[in-house]
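Listed below, chain by chain, are the residues.
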Amino acid sequence: MPSSVKLFEALTLRDTTLPNRIVVSPLCQYSAIDGVAQPWHFAHLSSFARGKAGLVFTEAAAVEARGRITPDCLGIWNDAQADALRPIVEFIESMGCVPGMQLAHAGRKASTSSPFSKRGPVPLTEAEAGDAGAPWQTVAPSPLPVAEGWHLPIELDDHEMQNIEQAFVASARRALQAGFRVLELHMAHGYLLHSFLSPLGNRRDDAYGGDLEGRMRFPLQVATAVRAAIPDGTPLFARISAIDGREGGWSIEDSVEFSRRLAAAGVDVVDCSSGGIGGAPRFRSDDEGKPLTRDSARRPGFQVPFSRAIREQAGIRTMAVGVIIDPRQAEEILRSGGADLVALGRELMYDPFWPLRAAETLGVDPDFRMWPPQYAWAVDRRAQIKTLNES
Ligand SMILES: Cc1cc2nc3c(=O)[nH]c(=O)nc-3n(C[C@H](O)[C@H](O)[C@H](O)COP(=O)(O)O)c2cc1C
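Residues numbered from 1 in each chain as written. Predicted model: local features only at pLDDT ≥ 70, side-chain atom pairs only at ≥ 80, totals over all residues. Heavy atoms only, no water.

Trainee: Break down the overall build of the protein chain for me, citing the residues and quoting the values.
Mentor: Each helix and strand in the protein chain was counted, giving 12 helices and 12 strands. In terms of overall size, the protein chain behaves like a compact globule, its C-alpha atoms giving a radius of gyration of 21 Å where 391 residues would be expected to give roughly 21 Å. The principal-axis extent of the C-alpha atoms belonging to the protein chain is close to 70 × 50 × 45 Å. Evaluated residue by residue, the protein chain yields a buried proportion of 58% over its 391 residues. The long-range share in the protein chain, meaning contacts at least 24 apart out of those at least 6 apart in sequence, stands at 69%. As presented, the protein chain carries roughly 15900 Å² of accessible surface, and 52% of it is formed by carbon and sulfur atoms. Averaging the coordinates of the 41 positive side-chain charges in the protein chain and doing the same for the 48 negative ones gives two points 3 Å apart. (Helix = DSSP H or I, 4+ residues; strand = E, 2+ residues; numbered from the N terminus. Rg over C-alpha atoms; globule rule 2.2 N^0.38 Å. Buried < 20%, exposed > 50% of the residue type's maximum accessible area, 1.4 Å probe, protein only. Contact = heavy atoms within 4.5 Å. Areas by Shrake-Rupley, 256 points an atom, 1.4 Å probe, with all protein chains shown as cover. Lys, Arg positive; Asp, Glu negative; His and termini not counted. Charge placed at Lys NZ, Arg CZ, Asp CG, Glu CD.)

Trainee: An account of the site of the ligand is requested, with residue identities and associated values reported.
Mentor: What surrounds the ligand is a group of 16 residues, the closest being S25, P26, Q102, V323 and R346. Here P26 contributes a backbone N or O atom positioned 2.8 Å from an oxygen atom of the ligand. One of the side-chain N or O atoms of H186 is found 3.0 Å from an oxygen atom in the ligand. Considered on its own, the ligand offers 610 Å² of accessible surface; in the complex 82% of this is hidden by protein. (Near = heavy atom within 4 Å. Polar contact = N/O pair within 3.5 Å; in protein donor to acceptor, adjacent residues only side chain to side chain.)

Trainee: Can you explain the pairing of strand β10 (residues 269-273)? Please cite residues and give values.
Mentor: Counting buried residues along β10, 5 of its 5 residues qualify, which places the element largely inside the surrounding structure. Here β10 shows no split at all, with V269, D271 and S273 on one side and V270 and C272 on the other all buried. Pairing analysis gives 5 bridges linking strand β9 (residues 236-241) to β10, with the strands arranged parallel. Residue pairing for β10: A238 is matched across the bridge by V270. Between the parallel elements β9 and β10, the chain passes through helix α6 (residues 252-264) in a crossover that is right-handed. In the sheet, β10 pairs with strand β11 (residues 317-321) via 4 bridges, with the strands oriented parallel. Bridge assignment links V269 to a residue of β11, and that residue is R317. (Pairing = 2+ DSSP bridges. Right-handed = clockwise from strand over helix to strand, strands pointing away.)

Trainee: Go over the environment of D254, please, and point to the residues and values.
Mentor: Structurally, the position occupied by D254 is in helix α6. Classification of D254 as buried rests on a relative accessible area of 16%. As a C-alpha pair, D254 and D380 span 126 residues in sequence and 51 Å in three-dimensional space. Those residues within four positions of D254 in sequence are excluded, and the remaining contacts are L212 and G249. Side-chain polar atoms of D254 contact the backbone nitrogen of S251, separated by 3.0 Å.

Trainee: Now, about the nonpolar core: what can you tell me, with residues and values included?
Mentor: Within the largest apolar cluster, 86 residues are counted, with the highest numbers of intra-cluster contacts made by L7 and L262. In terms of residue count, the dominant contributor to this core is helix α5 (residues 212-229) (9 residues). Dropping the residues within four chain positions of it, L262 is found in contact with M187, L220, A223, A238, I240, V267 and V270. Within the second largest apolar cluster, 14 residues are counted, among which are L55, F237, V269 and M319. (Core = buried A, V, L, I, M, F, W, Y, C linked by side-chain atoms within 4.5 Å.)

Trainee: Please set out the pattern of salt bridges residue by residue, giving values where relevant.
Mentor: A side chain with one charge may pair with a side chain of the opposite charge, provided their charged atoms come close. With the rule as written, the count across this model stands at 20 salt bridges. Residue R86 pairs with D83 through a salt bridge whose shortest N-O separation is 2.7 Å. You can see R86 and its partner D83 sitting in helix α2 (residues 79-94), 3 residues apart, about one turn around the helix. With relative accessibility at 31%, the residue R86 sits in the partly exposed group. Among the ionic pairs, D271 bridges to R239, the shortest N-O distance being 2.7 Å. Of the two residues, D271 sits in strand β10 while R239 sits in strand β9, which places them 32 residues apart along the sequence. In this structure, a network of salt bridges that share partners links the residues E213, E257, R260 and R261. (Salt bridge = Lys/Arg side-chain N within 4 Å of Asp/Glu carboxyl O.)

Trainee: Quick one: what's the story with the sheet that holds β9, residue by residue and with numbers?
Mentor: In spatial order, the strands read β3-β4-β5-β8-β9-β10-β11-β12; together these 8 strands close into a barrel with parallel pairing. This sheet shows a mean twist of 25° between the axes of neighbouring strands, independent of strand direction. Where strand β3 (residues 22-24) and strand β4 (residues 55-62) come together, 2 bridges link them in parallel fashion. Directly across from V23, in β4, lies its bridge partner L55. Helix-sheet contacts for helix α1 (residues 39-50) involve β3 and β4, and the interaxial angle to β4 is about 150°. In the packing of α2 onto the sheet, the strands contacted are β4 and β5 (98-104), and the crossing angle to β5 comes to about 140°. (Axes fitted to C-alpha atoms, helices over the stretch in contact; angles between N-to-C directions.)

Trainee: Quick rundown of the packing of α5 against α6? Include the residues and the values.
Mentor: At a minimum axis separation of 11 Å, α5 and α6 run at an interaxial angle of 40°. The handedness of the crossing between α5 and α6 comes out as right-handed. Between α5 and α6, the residues in contact are L212, E213, M216, P219, L220 and A223 and D254, E257, F258, R261 and L262, respectively. When the residues that make up the contact of α5 with α6 are grouped by side-chain class, the tally is 7 nonpolar, no polar and 4 charged. (Left-handed = near helix turned anticlockwise from the far one by under 90°. Nonpolar A, V, L, I, M, F, W, Y, C, P; charged D, E, K, R; others polar.)

Any link to function would need more than the numbers given here.
Okay, here's the thing in C-alpha cells:
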C-alpha cells in the first residue's frame, strides 16, 4: 500500500487504532422498536463494515426515552437495547473495523414523527398517541419552541439536568459493555446540548446560561462526566454545529473556544457539522461573506473550513463531514490539514463499498485484496474487466 495515501493511513486514538480515516457518519434510520435495533440496523451497519469504513458510527442513540427524535429512533437507556446491538458490534469487529456509538438527547426537537410517515418529520400530535406514548413532553434549557408549531419544551431544573448527565454516563457505560469502542456525544443540530450552547436556544439567567462560559457549562459537564466514567483508553468524540448560521447565533469563534475546552475535558476529536438550531440554516460563504441559498451552500466539502479552523486554532483533532463524495476530495481534505478524519453519510448509504472503491481509485488496493474473500469472484471479474479496458 502506498504509504503516501492519507485516507488509508491508520490513526491511533488512545487505545484504539482506526484502520483508515473513513468514518460512517451517524445516520438515523427511524426503524427501531422501543429503541431496540432491528434486522434493518444489522443490514445497514454491517454493509459499511463489509465496505471497510474504518469507524462505523451508529445513528444517534437516545440516552433516555424522551431524548428520541421520533418513537422509531434507537435508544441505549436499557440493557435490551444494548443486547440487540451486540451482534452488530461483533460483525463490525470481524471485518477489522471499529464500532462507534453516538449518544444523544433530542431536547426540544424530540417527539416528532418519522420522516417516512405521511406528514413527514413534524411534531407529533395527540392523534398519534398510539405511537409509543407519543407525543411526550420535551425538555430544553429554556421554554422556547424550535419554531412556530413545534412543541413547547419545559425548562430543565438542576435536578433534571443532573439526571440527564447521569443518563449520558449510564448510556456510555452500557454502550461500552455492548462492545462499542468509540463514543461520540451529540452536541449539534439543535438537539439538547447544542441548545444549551446557542444563545438562540438558551435564555437562562442561572449558571447555565448567559455568556459563553455559562452556556458551555452543561455540555462541558456532560463531557467531563462521561470521560470520567469510561476507561482512559476509550476515544471520545463530540459532534458540534460549528455555526448556527443565523443572526445572533453560535459562531465559529465560539466553536474554537468550546473545542479548546472539550480538549481539556478529555474529548479527542471534534466532529464539525453545522446548523439545526432553528429552521433551515442559512450559511455564509467563507470567502465573500454573502448569504448563500441552502442548496448552493451545500457544495462539496462546505463544512471543511470549520473543521480546518478548529483544528488549527483549538489544538484538537477534527473530523470533517458534509458532501464529501470523491476519494480525491477526501484525500485532499486530510492532506491539506483540513481534518484528521472524514465522515460520509449519504454517499455511503448510496454506496457502502465507497471505501473499497476509494482504495482502488487511489492506488492503495489495485488488486482488490481489501475486499472480503467471500466476494473474490466478483472482484476477480472486475479485475478482468479492468485489464480488458486497459489493453
Ligand atoms: C438520513 C440521515 C440521518 C441522519 N442522522 C444523523 C444522526 O443520527 N446524528 C447526526 O449527528 N447526524 C445525522 N445526520 C447527518 C449526517 O451524519 C451528516 O452529517 C450529513 O448527512 C452530512 O453528510 P453527508 O453530506 O455525507 O451526508 C443524518 C443525515 C441523514 C441524511
